[in-house]
Amino acid sequence: MTDAGSPFGPAVPDSASQAFACSQGDLRVRQSPQQFSVCLITALTIADFVDLTATVSARQNVGAQIGVFTLAAVLRQHGYAVDVVNLDEYFLDYLKPEMGGPTSGLTESETVEPTSLLAFVLKRLSTFSPDVFGLSSICSSYPLTLRLARELKKINPDVPVVLGGPQASVVDVATMNAFLYVDAVVRGEADESLPIVLDRLRRRASLDNIAGVTFRRGHDVVRNPNGPVVEDLDRVPLPAFDLDAKLKDRDGIHLEIGRGCPFACTFCSTNDFFRRNFRLKSTGQTIAEMRSIKQQYGITYFSMIHDMYTVNRKKVVEFCDALLACGEEYTWGCSARTDCIDDELIGLMAKAGCHGIFFGIETGSARLQKEINKKLDLEEAWARIKCGDANGVQMAVALITGFPDETRDDLRDTIHFFIESLRYDHAEPQLSLLAPLAATPIYENHKAALVFDDIFSDMSHQGWRQDREDLELIKLHPDVFPNFYAVPMKWLDRSYVKDVHDFITYLATWFRWLPVGILQDSGDLLEVFDDWKQWLADRRASRPAPDTGIAPYYTHREFRREFIEFVRTWYCDHRAAAPAAVMALADAEGWGTATRKAPPPKEVEEVDELDTGAFAYLRKPTTIIKVGVDYKQLVAALRSKRNLSQVPIRDITLAFRAATAGRVDVWQISPLSGALLDKCDGTRSVEQIAAEFADAHPGVDGIPPAKVAMFGLVLLQRQGFIGLSRNVLQQTAGPDEASEVVGRFVPPPQLSANQQPWPVPATAA
Amino acid sequence: MEIQIPKHLNLSEKEIERLTKELGGEVVDTARGAQAEAVTAVKVVEESEVVKRQVKAKVTE
């Protein structure tokens, strides 16, 4: 047993004779852990996308970092009183006008000085008076963490400030040399070391000889050797979820299923933290934890935390079999490599409730796969994605661009992989700009050449712009914040790569089949990007750039509008091999017609049977669009990469109709049905619609047009498109309102600044 | 889908078959992303919010 009573391992000798050097104040020696309180503060992981709605929707609602809550449980086992401050929740509160955040008061006057996030957090933290502050860290919000540490130290000079988590662990010495208010860093897995640190702090003893700890001795920074990792994860307690104030609102919950990825990719920082030591909790323990959480909190969706879960196939099979045998319904997501999973295993996982898998593909270039030491067989990767899709498993297809040796061909391969994945219903691609994460081989090999070029990796962003105070820190301390810097690219201009990254990311955000179609039609999306840039430059010569406000151009609907115009007026005329097909995609995804909203149910006096005096209205939000090719065959051709020129040309009406749980079905209906739907706006009676239809259309094979219309309305009613009401309803949404239907801008597909397994599905909650 | 055709329309089996072919429809795809959101208006961003945050940016710059 350690001197702190740790259940995890042997004691580390205590050099109690040397007083803890960091705190200069008159700290009392606490007699017992119960008299010693700890405030653990999570790292901020939410990125700010300008708008509260967009920011909230761009985050996972599965709770704060699992590590902090686990440590809280460990410390409780040792008798400490622990508070957890979830900075993400503070940030979301800060964004709410009524909470005194940046938008408060601005509706009345633009001159109100907004509260900074830091001031907001400090005001809330003023109610805490712990004996130690423990701050977790990730790279993207590390400047904020350090500014918070500085302010906490200013306010509470006698209270030790201890850092931990992924970023502080790898830049410990640089941090402590640069920021004197940091008293110690607990590196790597802190389950064993943090209780010992607290015990020493409680007794005002030195932190000498505590494995995995970096601390001050006078003016020196002392780095103790690494500690062992926790071999038996079953002994780690269930996280202190009861400290998560928002637990009842969660859609699901993070659950640690193991630690350590055995691979050694050159860009990845987790190797240092978990030391490539692959471990899993036992199946029995994991299921017991899932069951316990379900019983205590009613949560049945689990975002399984492990950098690379499927390394040990036998264990995954055992877990899935046990889940199936227990007869309880759980859904879950995890991370995997495409070469550490097979079709049979994917099928079993899906059957056992696996809803989503995070696949780090990293690059679509076979050459770079070797260069970055990922070494995936890309054909094999496609086979796994295809299998996951067939099993209904949501897949994040994560890619990176910006590698130092990346060529134009490599970049093309990667963006093609990204867009190709859109052919699969359950694949959601993500493209990140490389960040040189501290302690990675890429960082070590290029640290002398890092540049600060104001092009930030989305691994390091805090939204669409960096905080000014953070930037000052970042510029002063490249060795503490290397992820905000860039590795120079040998063959490509980084601003060009950044532009391609934004273009591709938002092509897939605003559209789906259009980019797939253009890739298939052109064979070279990078050339199309160059064409687009030239078209845009020519356009800007005569028209000013649209005002997108604070939102970057590609995130804004102006990009969507201009890109559609580029496709219609330039691409289809100058480059397209199958212009009719591409034009149909632009029409289908260009939202030429406004969505008509459904009337509130309470306003409807429903009529079941076709009554000529009843008023026909659209039951659900519906967008009606006309295209010039057979859309069903077009989509089939895109899914199977068949020749787009062979898709039959004919007039088709599409109806995009809201189905269930956020799902929108695309119906292919005849132009006659489309004409009828157009008239079902709640203000026309069945009789009026039939008369207007008869005025504009001939009959069908001798059947009078009015009868055709009546039959068509019955059909639309049975298909759930329209309802009939005794009273007149208002369903206004003409073309003039089209611009209001589409959001002004959208957040990127990456859901937070830190990589996580597939997030909770809306339907799983 | 079985469709109950009102009797007053006086349509023969053959005519119903013909009209079903002429007026029928089917689900051919599922929209996703921003396109689906545009229909369901999930992420419509309110202008007032944007303005407020822009003001914030100006104040803090």
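This one's a predicted model, so the numbers in the text were calculated from it and none came from an experiment. (Residues numbered from 1 in each chain as written. Chains lettered and ligands numbered in written order. Predicted model: local features only at pLDDT ≥ 70, side-chain atom pairs only at ≥ 80, totals over all residues.)

**Student:** Kindly report on the overall build of chain B, identifying the contributing residues and their values.
**Tutor:** In terms of regular secondary structure, chain B is built from three helices and one strand. Secondary structure elements in chain B, listed N-terminal to C-terminal, are α-β-α-α. Sorting the 61 residues of chain B into buried and exposed places 26% on the buried side. (Helix = DSSP H or I, 4+ residues; strand = E, 2+ residues; numbered from the N terminus. Buried ≥ 20, exposed ≤ 12 C-beta atoms within 10 Å, placed from the backbone.)

**Student:** Account for the overall build of chain A, naming residues and giving values.
**Tutor:** Summing up its helical and strand segments, chain A has 27 helices and 21 strands in all. Evaluated residue by residue, chain A yields a buried proportion of 52% over its 765 residues. Expressed as a percentage of contacts within chain A between residues at least 6 apart in sequence, the contacts between residues at least 24 apart total 76%. (Contact = placed C-beta atoms within 7 Å.)

**Student:** Run through the pairing of strand β17 (residues 615-618) of chain A, naming residues and quoting values.
**Tutor:** Residue and element names in this part refer to chain A. Residues Phe615 and Tyr617 line one face of β17 and the alternating positions Ala616 and Leu618 line the opposite face, and both faces are buried. The pairing of β17 with strand β21 (residues 722-725) spans four bridges and is antiparallel. Across the sheet, the residue bridging to Ala616 is Leu724, located in β21. (Pairing = 2+ DSSP bridges.)

**Student:** Would you mind going over the environment of Asp234 of chain A in detail, with residue names and values included?
**Tutor:** Residue and element names in this part refer to chain A. For Asp234, the position within the fold is in the loop between β7 (220-223) and β8 (253-256). Given 13 C-beta atoms within 10 Å, Asp234 falls into the partly exposed group. Aside from chain neighbours lying at most four places away, what touches Asp234 is Lys281, Ser282 and Gln285.

**Student:** Got a sec to walk through the confidence of the model for chain B? Specific residues and values, please.
**Tutor:** With 48% of its residues at a pLDDT of 70 or more, chain B has an overall mean of 65. Note on residues 42-61 of chain B: pLDDT is under 50 here. Beyond four places in sequence and across chains, it has 42 contacts. (pLDDT = per-residue confidence, 0-100.)

**Student:** How would you explain the packing of helix α4 (residues 117-125) of chain A against helix α5 (residues 142-155) of chain A if you had to name every residue and give the values?
**Tutor:** Residue and element names in this part refer to chain A. Contact geometry for α4 and α5: axes closest at 11 Å, N-to-C directions at 45°. Compared by their axis directions, α4 and α5 come out oblique. In the packing of α4 onto α5, the handedness of the crossing is right-handed. Residues Leu118, Val121 and Leu122 of α4 form the contact with α5, whose participating residues are Arg147, Leu148 and Glu151. (Axes fitted to C-alpha atoms, helices over the stretch in contact; angles between N-to-C directions. Parallel < 35°, antiparallel > 145°, perpendicular 65-115°, else oblique. Left-handed = near helix turned anticlockwise from the far one by under 90°.)

**Student:** Give me the sheet that holds strand β5 (residues 184-186) of chain A: which residues, what numbers.
**Tutor:** All names here are of chain A. Reading across from one edge, β2-β1-β3-β4-β5-β6-β7 is the order of the seven strands in this open sheet, with mixed pairing throughout. Strands with a single pairing partner mark the edges of an open sheet, and in this sheet they are β2 (81-85) and β7. For this sheet, the mean inter-axis angle between neighbouring strands, taken without regard to orientation, is 25°. Where strand β6 (residues 213-217) and β7 come together, four bridges link them in antiparallel fashion.

**Student:** Talk me through the environment of Val451 of chain A; I want residue IDs and the actual numbers.
**Tutor:** Residues and elements named next belong to chain A. Position of Val451 relative to the elements: it lies in the loop between α16 (441-446) and α17 (468-476). Taking the C-beta count within 10 Å as the criterion, Val451 has 13 such neighbours and is therefore assigned partly exposed. Sequence separation between Val451 and Ala486 is 35 residues; the distance between their C-alpha atoms is 5.2 Å. Dropping the residues within four chain positions of it, Val451 is found in contact with Tyr485, Ala486 and Pro488.

**Student:** Which residues make up the sheet that holds strand β19 (residues 649-658) of chain A, and what are the values?
**Tutor:** The four strands lie next to each other as β18(A)-β19(A)-β20(A)-β1(B), forming an open sheet whose pairing is antiparallel. Each edge of the sheet is formed by a strand with only one pairing partner; in this case those strands are β18 (622-629) of chain A together with β1 (25-31) of chain B. Mean inter-strand twist for the sheet, computed between neighbouring axes without regard to direction, equals 30°. Looking at chain direction, strand β20 (residues 664-669) of chain A and β1 of chain B are connected through six bridges and run antiparallel. By the bridge assignment, Trp667 of chain A is partnered in β1 of chain B with Val27 of chain B. Sheet contacts for helix α22 (residues 579-589) of chain A: β18 and β19 of chain A; angle to β18 of chain A, the most-contacted strand, approximately 170°. Across the sheet, helix α23 (residues 631-640) of chain A touches β18, β19 and β20 of chain A together with β1 of chain B, and the angle it forms with β1 of chain B is around 40°.

**Student:** So what's going on with the pairing of strand β12 (residues 331-336) of chain A? Residues and values would help.
**Tutor:** Each regular strand carries side chains that alternate between the two faces of the sheet. Residue and element names in this part refer to chain A. A large share of β12 lies buried, amounting to five of its six residues. Where strand β11 (residues 301-305) meets β12, three bridges bridge the pair, whose relative direction is parallel. Bridging from a neighbouring strand, Ser303 pairs with Gly333 of β12. With helix α11 (residues 313-326) bridging β11 and the parallel β12, this β-α-β connection has right-handed handedness. Pairing of β12 with strand β13 (residues 354-362), which is carried by five bridges, proceeds in the parallel orientation. Of the residues in β13, the one forming a bridge with Ser335 is Phe358. One crossover worth recording links β12 to the parallel β13 by way of helix α12 (residues 343-351), and it is right-handed. (Right-handed = clockwise from strand over helix to strand, strands pointing away.)

**Student:** Can you explain the environment of Ile442 of chain A? Please cite residues and give values.
**Tutor:** Residues and elements named next belong to chain A. For Ile442, the location among the structural elements is in helix α16. Residue Ile442 is classed as buried on the basis of its C-beta count, with 22 C-beta atoms lying within 10 Å. For the pair Ile442 and Ser136, spaced 306 residues apart in the sequence, the C-alpha separation amounts to 24 Å. Excluding residues that lie within four positions of it along the chain, Ile442 makes contacts with Thr266, Phe267, Pro436 and Val487.

**Student:** Please set out unusual backbone geometry residue by residue, giving values where relevant.
**Tutor:** Keep in mind that most residues, glycine aside, have a negative phi and that most peptide bonds are trans. Residues and elements named next belong to chain A. Unusually for a residue other than glycine, Arg204 sits at a positive phi of about 55°. With respect to the element layout, Arg204 can be found in the loop between α8 (193-202) and β6. The partly exposed category is assigned to Arg204, around which 14 C-beta atoms lie within 10 Å. Within the chain, Asn209 stands out as a residue other than glycine whose phi angle is a positive 65°. In this fold, Asn209 is placed in the loop between α8 and β6. The partly exposed category is assigned to Asn209, around which 15 C-beta atoms lie within 10 Å.

**Student:** Describe helix α15 (residues 408-420) of chain A, and please don't skip the residues or the numbers.
**Tutor:** Between its first and last C-alpha atoms α15 of chain A spans 18 Å; for 13 residues at 1.5 Å apiece the expected length is 18 Å, and the two agree. If you check which residues of α15 of chain A are buried, you get Asp410, Leu411, Asp413, Thr414, Ile415, Phe417, Phe418, Ile419 and Glu420 of chain A. (Expected span 1.5 Å × (residues − 1).)

**Student:** Lay out the confidence of the model for chain A with the relevant residues and their values.
**Tutor:** Per-residue confidence for chain A gives a mean pLDDT of 86; residues scoring 70 or more make up 84%. Contacts from residues 1-27 of chain A, a stretch scored under 50 in pLDDT, to residues over four places away or in other chains number 65 contacts.

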